[in-house]
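The lines below spell out each chain.
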Amino acid sequence: MKQEELQAIASQLKHPTGEKGIEMGNMMNETNINMTHHSIQNLHITAGNTILELGHGNAGHVAFIFEQAENIKYYGLEMSELMFQEARQINRNFVSQKQAFFSIYDGNTIPFQEASFDKIFTVNTIYFWQEPEKLLSEIYRVLKPKGILCITFAEESFMKQLPFTQFEFELYSTEKAEELIAKSEFKIINKETLTEKVKSKTGELVDRAFTTLVLEK
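Residues numbered from 1 in each chain as written. Predicted model: local features only at pLDDT ≥ 70, side-chain atom pairs only at ≥ 80, totals over all residues. Heavy atoms only, no water.

A. Fine view of the side chain of Thr212. Along the chain, Thr212 falls in strand 7 (residues 205–216). Residue Thr212 is classed as buried on the basis of its relative accessible area of 0%. Separated by 2.8 Å, the side chains of Thr212 and Thr152 make a polar contact. Look past the residues within four positions of Thr212 in its chain and what remains in contact with it is His38, Ser39, Asn42, Cys150, Ile151, Thr152, Asn190, Lys191 and Glu192. (Helix = DSSP H or I, 4+ residues; strand = E, 2+ residues; numbered from the N terminus. Buried < 20%, exposed > 50% of the residue type's maximum accessible area, 1.4 Å probe, protein only. Polar contact = N/O pair within 3.5 Å; in protein donor to acceptor, adjacent residues only side chain to side chain. Contact = heavy atoms within 4.5 Å.)

Here's what the structure looks like:
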């Protein structure tokens, strides 16, 4: 692939737009579903929880969240206008029943009051954080005391094999992510790295290692 094509893929993954963006949203939802479920399961959602997700993409996984417990509320923040619209459309029943709420944000400032959420999670967004330390302190602010944050990401060892990650991506190994978290007020209470088989862009099965870090306020 040419540089421009690779750059275009990187930029669609970061901020899906247009028709290609809808395809990208569907593809990301499918490819990342195991990672997303792993992140959600590590939240240990209980009845009455209020949950926030950063960078939900098309949010095809939200129904799975509502299967976890009774009487929960889900809030999703997304930088892509297109993914915001797609997520609202796909989850229109939850939206109309005032169980799911979607909003646009700038990727840096979380537009909620402090101690608003019991659980927060984010899957495959850490690569795109513009100011990681600042965003972590924002997440810390909106989380309730003893609240849980799950950060799930594909390991650098896998990601650096993908030609488009040289653009716009900041890759993380578990160690590098732990170093970042050490600069915040969070404490890591659990971490798990799993390997799964995923289809590569050329259709063959490859091993992808991904990690979920479970943090507590």
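From this point, the discussion proceeds with the structure in view.
B. Structural context of helix 1 (residues 3–14). Between the first and last C-alpha of helix 1 there are 17 Å, a value that for 12 residues agrees with the 16 Å anticipated at 1.5 Å per step. Listing the buried residues of helix 1 in full gives Leu6, Ile9, Ala10, Gln12 and Leu13. Each buried residue of helix 1 lies within a common arc of 165 degrees when the element is viewed along its axis, so the set occupies one face. (Expected span 1.5 Å × (residues − 1). Arc of directions from axis to C-beta.)

C. A look at unusual backbone geometry. The phi torsion at Ala59 lies on the positive side, around 60 degrees, for a residue other than glycine. With respect to the secondary-structure elements, Ala59 resides in the loop between strand 1 (50–54) and helix 4 (62–66).

D. Examining the packing of aromatic side chains more closely. Applying the stated rule across the entire model yields 11 aromatic pairs. Seen from their ring centres, Phe112 and Phe117 are 5.0 Å apart, and the 90 degrees between their planes marks the pair as edge-to-face. For Phe117, a relative accessible area of 1% translates into the label buried. Positioned above the aromatic ring of Tyr172, the side-chain terminus of Lys176 is 4.9 Å from the ring centre. Just above the ring of Tyr140 sits the side chain of Lys217; from NZ or CZ to the centre is 4.8 Å. (Phe/Tyr/Trp six-rings, centres within 6.5 Å; stacked < 30°, edge-to-face > 60°. Lys NZ or Arg CZ within 6 Å of the ring centre and 35° of its normal.)

E. A look at the pattern of salt bridges. Under the defined criterion, the tally for this structure stands at 11 salt bridges. Arg141 is the partner of Glu138 in a salt bridge, and the nearest nitrogen-oxygen pair spans 2.8 Å. Here Arg141 and Glu138 lie together in helix 7 (residues 132–142), a separation of 3 residues that amounts to about one turn. Its relative accessible area of 14% is what places Glu138 among the buried residues. Among the residues examined, Arg141 registers a relative accessible area of 25% and is labelled partly exposed. The closest approach of N and O atoms between Lys187 and Glu216, which form a salt bridge, is 3.2 Å. Taken together, the positions of Lys187 in strand 6 (residues 187–199) and Glu216 in strand 7 put the pair 29 residues apart, joining distant regions of the chain. (Salt bridge = Lys/Arg side-chain N within 4 Å of Asp/Glu carboxyl O.)

F. View of the sheet that holds strand 7. Overall, mixed pairing links the 7 strands, which are arranged 3-2-1-4-5-7-6 in an open sheet. Each edge of the sheet is formed by a strand with only one pairing partner; in this case those strands are strand 3 (100–104) and strand 6. Within the sheet, the average angular offset between the axes of one strand and its neighbour, ignoring direction, is 15 degrees. Two elements, strand 2 (residues 73–78) and strand 3, share 5 bridges in a ladder whose sense is parallel. Looking across to strand 3, one finds that Leu77 is bridged to Ser103. Of the strands in this sheet, strand 1, strand 4 (117–123) and strand 5 (143–154) touch helix 7, which is tilted by about 140 degrees from strand 5. (Pairing = 2+ DSSP bridges. Axes fitted to C-alpha atoms, helices over the stretch in contact; angles between N-to-C directions.)

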